[in-house]
Amino acid sequence: MDYKRVFTLPRLWLMLGVLVVGSFIVLLGVGAHLYQVAPPVPEKVVTDSGQVIFTKQDIERGQDVWRTLGGMQLGSVWGHGGYLAPDWTADFLHREALDIIKQRAGEYKDLSKPQKALNKARLSTDMSENRYDPATGVISITDERARAIRQVQQHYLGLFGGTGNSSEYKKLRIAYAIQENPLGLHPDEAIRLLTSFWWWTAWAAVTDRPGEFDESVSYTNNWPHEPLVGNVPCAHSFLWSFISIVLLIAAIGALCWFFNRQRTIWEHDLVPEEGYATKDPLAAASITSSMKACSGYFWVVVLLIGMQIILGGITAHYAVEGQDFYGIPLSEILPYSLTRTWHTQLAILWIAVAWLGAGLYAAPLISGFEPKYQSLGVYALLGALVIAVVGSFAGEWLAIQGYIKDPVINFWFGHQGYEYLDLGRFWQWLIFIGLLIWLGLMARCLLPAIKAGRSDKHLLVLMFLSSAAVGLLYGTGLFYDRQTHLTIAEYWRWWVVHLWVEGVFEVFAAAWVSWIFVKIGLIRAKTAAIYVIFSTTVFLAGGVLGTFHHLYFSGTPESVLALGAVFSALEVVPLALIAFDAHDHWQLKQVSPWVQKYKMPLQFFMAVAFWNLVGAGVLGFLINTPLALYYLQGLQTTPTHGHAALFGVYGMLGIGMMLFCMRGLSEKGWSDKLLHWVFWLMNGGLALMVFISLFPQGMIQGYVAFKDGYWHARAPELIHSPLMEALVWLRAPGDVVFALGALLLLVFMFKLYRKQP
């Protein structure tokens, strides 16, 4: 069996097209279903005695207050968001349960084991009962539960600086890294509204979803783990976790069998028909004005990396001091929720800018000519991106500092509250328009080259299609508005964070790198096209519907558990062969002496292969199955995977692409020795940060979440225990090493451009 006969280019395109269309039909179909089955937002919450506790308007206004605090950047909701403050869903649910037991039998900690078991069993039955009336839109609760809600509200009043504030609450604010007076000097009404939103998320987490006949399953598939109310993993979490693991092993086995069977033929067909190029084909290429303009993108990239590292260090230090930075009351100006907002936002921004700049640099090389006004478009796009970054940062600061009072203005120009899409809607539109401009600039070069019918046509078609997806998919983040249901907003948010960042951008990068290798005479065009289209098909087979693994516990039905578990497991399958990919990249630098010119970009591509396996594969699958994520969502296992995958894979890839472009732009001042230090300091620092600090913290929290319940894994007693704080301090060596690498990258940039004529 010959892979060239099994996977001809027409057949591969058909497979890819059918797969993508089918996957998106399912993705959209499930999304449409979510509009019907999402946890209902009640018109009113009323006690049995007729007292109105909350209204729909209270809950919606409470979500607006939540945004002014930083939304998901200050604690989390349904497990999504920051890790230092509590998950407010779990926190409200736990405190409400304790108060109800206290009303019935006294302090829970003082009860005997039989009394604890009896009260937990009774409470589980009472709180899971769904008392929502679809006809009236009213949730009815007992007077007993209403009293518990008021008690929990009193706790939050003190915590956020309202009535009942005390020195003990100040200590708790420090533990949670909440700034003083986060909601102003008279916050009681705002806190009451805020707690109505958090109570609704807790109600959905414990209340049985209608129509489940086989077991008690809440709207959030029984998340979080809370023994007091009987929240434990549902049967489907076990079933689909086991199925996904078996499927993963089987799929890896099948892929490895086929790949190794074809390996000898494949290696032969990689070599260009005319042999490896004896000199650099790009050496004679004309550097156009638009290509030179791309250097501005790379300066922005390096500066944004530096900002992200500084903000990351400040954010991490808040885990120890809470409101201060080595004794400086920094939270008065830059509170934790703001530094974390900027830190996470910068991660996406600088990686995207690097990839966009690399695409624009390659565009004239692809077309063989410079379209009219191309450089003007390149500069205009860069200006729009800079304005969006500066404007969104200013708006987020004004929102969190309380200067934007109107919730509509806050949503449009301040803080949306959703992690990675925190920026105001206006700035989001500006970036989307910028991406459409980028797509137009790419199309002006790609389409003529495709029409010319060259040997690299198939790679260029894939590059164009992925460029179109990069431009358009970001726009899915505009499909929700300020008052969109939280479940629906999460659905569309993950289209951007997962499909845009982890999906089509990666396809674009694979096509870009393969085309570059074809262009410089290191890979045969047809073989490269077969490889990239096949790998894209395998990747998207799990990647599109794998989006659902982010939504297991976001108010979605059990069908999302099934789809997310099965297809996200398939995302890991191609990573089993990543060592071969790394070997092939590394071998390319041995084929001719001139290839040493691109040694450092190739070395960063090697790092991408390593972190793809470790960060995206091993650490990603650690929290991938429903059963694992049930206990680990929102713990330090999440940033363990996040840092290793986002920077290790997408960041290293962006730097590698950037360096390849800069190598073409700059002959004088280039220093492989300096970049060698950058490479090892960045990779070494990232490894230290992940495996010495973040991973151990996550494992400790995971153990506690499994043993005692999710609330305890996020409790200040654990987060600020001597062991956990020691592990936070152990992050410092990795951070310092990593920062030195970034500093040397900046030195490299200055050294490089100082030598240019």
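Just above sits the structure.
> What exactly am I supposed to notice about the overall build of the protein here?
The helix and strand inventory of the protein stands at 28 helices and six strands. The C-alpha radius of gyration of the protein comes to 27 Å, within 12% of the 27 Å expected for a compact globule of 757 residues. By its C-alpha atoms, the protein is 85 × 55 × 45 Å across when sized along the principal axes. The burial tally for the protein puts 62% of its 757 residues in the buried class. Long-range pairs, those at least 24 residues apart, make up 79% of the contacts in the protein between residues at least 6 apart in sequence. Positive and negative side-chain charges in the protein, numbering 53 and 54 respectively, have mean positions lying 9 Å apart.

> Just checking my understanding: could you explain the side chain of Glu96 for this structure?
Within the secondary structure, Glu96 is located in helix H4 (residues 88–105). In terms of polar contacts, Glu96 uses its side chain to reach the side chain of Trp199, at 3.4 Å. In this view, Glu96 contacts Met127, Arg145, Ala148, Ile149, Val152 and Trp199; residues no more than four positions away in its chain are not counted.

> How should I be thinking about the sheet that holds strand E2 (residues 52–55) in this particular structure?
Note on sheets: strands pair through backbone hydrogen bonds, and any given pair is parallel or antiparallel. Read across the sheet, four strands follow the order E2-E1-E6-E5 without closing on themselves; strand pairing throughout is mixed. Strands with a single pairing partner mark the edges of an open sheet, and in this sheet they are E2 and strand E5 (132–133). Direction of pairing for strand E1 (residues 44–47) relative to E2: antiparallel, over a ladder of three bridges. Within the sheet, the bridge partner assigned to Lys44 lies in E2 and is Thr55. Across the sheet, helix H8 (residues 188–206) is in contact with E1, E2, E5 and strand E6 (138–141); its angle to E2 comes to roughly 90°.

> Would you mind going over helix H21 (residues 599–622) with me for this structure?
An α-helix turns once every 3.6 residues. As a result, residues three or four positions apart point the same way. End to end, H21 covers 33 Å across 24 residues, agreeing with the expected 34 Å (1.5 Å per residue, within 8%). Remark: the principal bend of H21, roughly 35°, maps to Trp611. Among the 24 residues of H21, 17 are classified as buried, and the element is accordingly described as predominantly covered.

> Looking at this structure, I do not really get the state of the cysteines. What am I missing?
A covalent bond between the sulfur atoms of two cysteines is referred to as a disulfide. One pass over the full model with this rule turns up zero disulfides. You can see Cys294 has no disulfide; the closest cysteine sulfur is in Cys661, sitting 6.9 Å from it.

> Would you mind showing me how to read the environment of Gly546 here?
As for its placement among the helices and strands, Gly546 is situated in the loop between helix H18 (525–543) and helix H19 (558–572). Taking relative accessible area as the criterion, Gly546 reaches 0% and is therefore assigned buried. Here the alpha-carbon distance between Gly546 and Leu27, two residues 519 residues apart in the chain, equals 9.6 Å. Residues contacting Gly546, with those up to four places away along its chain left out, are His498, Phe567, Ser568 and Glu571.

> Is there a simple way to think about the packing of aromatic side chains in this case?
Here the distance between the centres and the angle between the planes together describe a pair of aromatic rings. The tally for this structure, following the rule as stated, stands at 51 aromatic pairs. On the basis of an interplanar angle of 40° and a centroid distance of 5.6 Å, the ring pair of Phe54 and Trp199 is categorised as tilted. One end of the pair, Phe54, is in strand E2; the other, Trp199, is in helix H8, and 145 residues separate them in sequence. Pair check on accessibility: Phe54 and Trp199 agree, each one buried. The structure contains a cluster of three or more aromatic residues connected by ring pairs, namely Trp223, Tyr552, Phe553, Tyr630, Tyr631, Phe706 and Tyr710. The positively charged end of Arg340 is found above the aromatic ring belonging to Tyr83, 4.8 Å away from the centroid. Sitting above the plane of the Tyr480 ring, Arg425 keeps its charged end 5.1 Å from the centroid.

> Is there a simple way to explain a nonpolar patch on the surface in this structure?
A cluster of nonpolar side chains, namely Val408, Ile409, Trp412, Phe413, Phe426, Trp429, Ile433 and Ile437, defines an oily patch on the protein surface of about 690 Å² accessible area. Going through the elements one at a time, helix H14 (407–413) and helix H15 (425–451) are the ones with two or more residues in the nonpolar patch. Relative to the assigned elements, Phe413 resides in helix H14.

> Honestly, unusual backbone geometry in this entry has me stumped. Any pointers?
With glycine set apart, most residues show a phi of negative sign, and most peptide bonds adopt trans. Pro224 follows Trp223 through a cis peptide bond whose omega is 5°. As for its position among the elements, Pro224 is in the loop between H8 and helix H9 (235–270). For Ala177, which is not a glycine, the phi torsion comes out positive at approximately 60°. Unusually for a residue other than glycine, Asn222 sits at a positive phi of about 70°.

> Looking at this structure, how should I read the pattern of salt bridges?
Close approach of charged atoms allows side chains with opposite charge to pair. In total, this model carries 21 salt bridges according to the counting rule given. The salt bridge partner of Asp126 is Arg104, with a shortest N-O separation of 2.6 Å. One end of the pair, Asp126, is in helix H5 (residues 113–128); the other, Arg104, is in helix H4, with 22 residues separating them in the sequence. Given a relative accessible area of 22%, Arg104 falls into the partly exposed group.

> Mind showing me how you'd approach the nonpolar core here?
Nonpolar side chains in soluble globular proteins tend to end up buried together. Within the largest apolar cluster, 216 residues are counted, with the highest numbers of intra-cluster contacts made by Trp88, Phe160, Trp198, Trp199, Trp500 and Trp512. Considering every element that reaches this core, the biggest residue donor is helix H17 (residues 486–519), with 24 residues. If we ignore the near neighbours within four places in the chain, the residues touching Phe160 are Leu69, Leu74, Trp88, Ile178, Pro182, Leu183, Pro187, Ile191, Leu194 and Trp198. Within the second largest apolar cluster, 23 residues are counted, among which are Cys234, Tyr631, Val704 and Tyr710.

> How should the environment of Ala283 be read in this particular structure?
Following the sequence through the fold, Ala283 ends up in the loop between H9 and helix H10 (289–293). Here the alpha-carbon distance between Ala283 and Leu459, two residues 176 residues apart in the chain, equals 22 Å.

> What is the right way to look at the packing of helix H2 (residues 9–37) against H18 in this model?
Between two packed helices, what matters for the description is the angle formed by their axes and the separation of those axes. Interhelical geometry of H2 versus H18 gives an angle of 20° and a closest axis separation of 10 Å. Taken together, the axis directions place H2 and H18 in an arrangement best described as roughly parallel. In this structure, H2 meets H18 at a crossing whose hand is left-handed. Only Lys526, Ala529, Ile530, Ile533, Phe534, Thr536, Thr537, Leu540 and Ala541 of H18 make contact with H2, whose side of the interface consists of Leu9, Leu12, Trp13, Met15, Leu16, Leu19, Val20 and Ser23. Split into classes, the residues belonging to the contact of H2 with H18 amount to 13 nonpolar, three polar and one charged.

Reading the values: rules and limits
- Residues numbered from 1 in each chain as written.
- Predicted model: local features only at pLDDT ≥ 70, side-chain atom pairs only at ≥ 80, totals over all residues.
- Heavy atoms only, no water.
- Helix = DSSP H or I, 4+ residues; strand = E, 2+ residues; numbered from the N terminus.
- Rg over C-alpha atoms; globule rule 2.2 N^0.38 Å.
- Buried < 20%, exposed > 50% of the residue type's maximum accessible area, 1.4 Å probe, protein only.
- Contact = heavy atoms within 4.5 Å.
- Lys, Arg positive; Asp, Glu negative; His and termini not counted.
- Charge placed at Lys NZ, Arg CZ, Asp CG, Glu CD.
- Polar contact = N/O pair within 3.5 Å; in protein donor to acceptor, adjacent residues only side chain to side chain.
- Pairing = 2+ DSSP bridges.
- Axes fitted to C-alpha atoms, helices over the stretch in contact; angles between N-to-C directions.
- Expected span 1.5 Å × (residues − 1).
- Bend = angle between axes of the 7 residues up to and from the residue.
- Disulfide = S-S within 2.5 Å.
- Phe/Tyr/Trp six-rings, centres within 6.5 Å; stacked < 30°, edge-to-face > 60°.
- Lys NZ or Arg CZ within 6 Å of the ring centre and 35° of its normal.
- Patch = residues over 30% accessible without salt bridge, like charges linked within 9 Å, V, L, I, M, F, W, Y side chains within 5 Å.
- Areas by Shrake-Rupley, 256 points an atom, 1.4 Å probe, with all protein chains shown as cover.
- Salt bridge = Lys/Arg side-chain N within 4 Å of Asp/Glu carboxyl O.
- Core = buried A, V, L, I, M, F, W, Y, C linked by side-chain atoms within 4.5 Å.
- Parallel < 35°, antiparallel > 145°, perpendicular 65-115°, else oblique.
- Left-handed = near helix turned anticlockwise from the far one by under 90°.
- Nonpolar A, V, L, I, M, F, W, Y, C, P; charged D, E, K, R; others polar.

Purely geometric stuff here, so don't read any function into it on its own.
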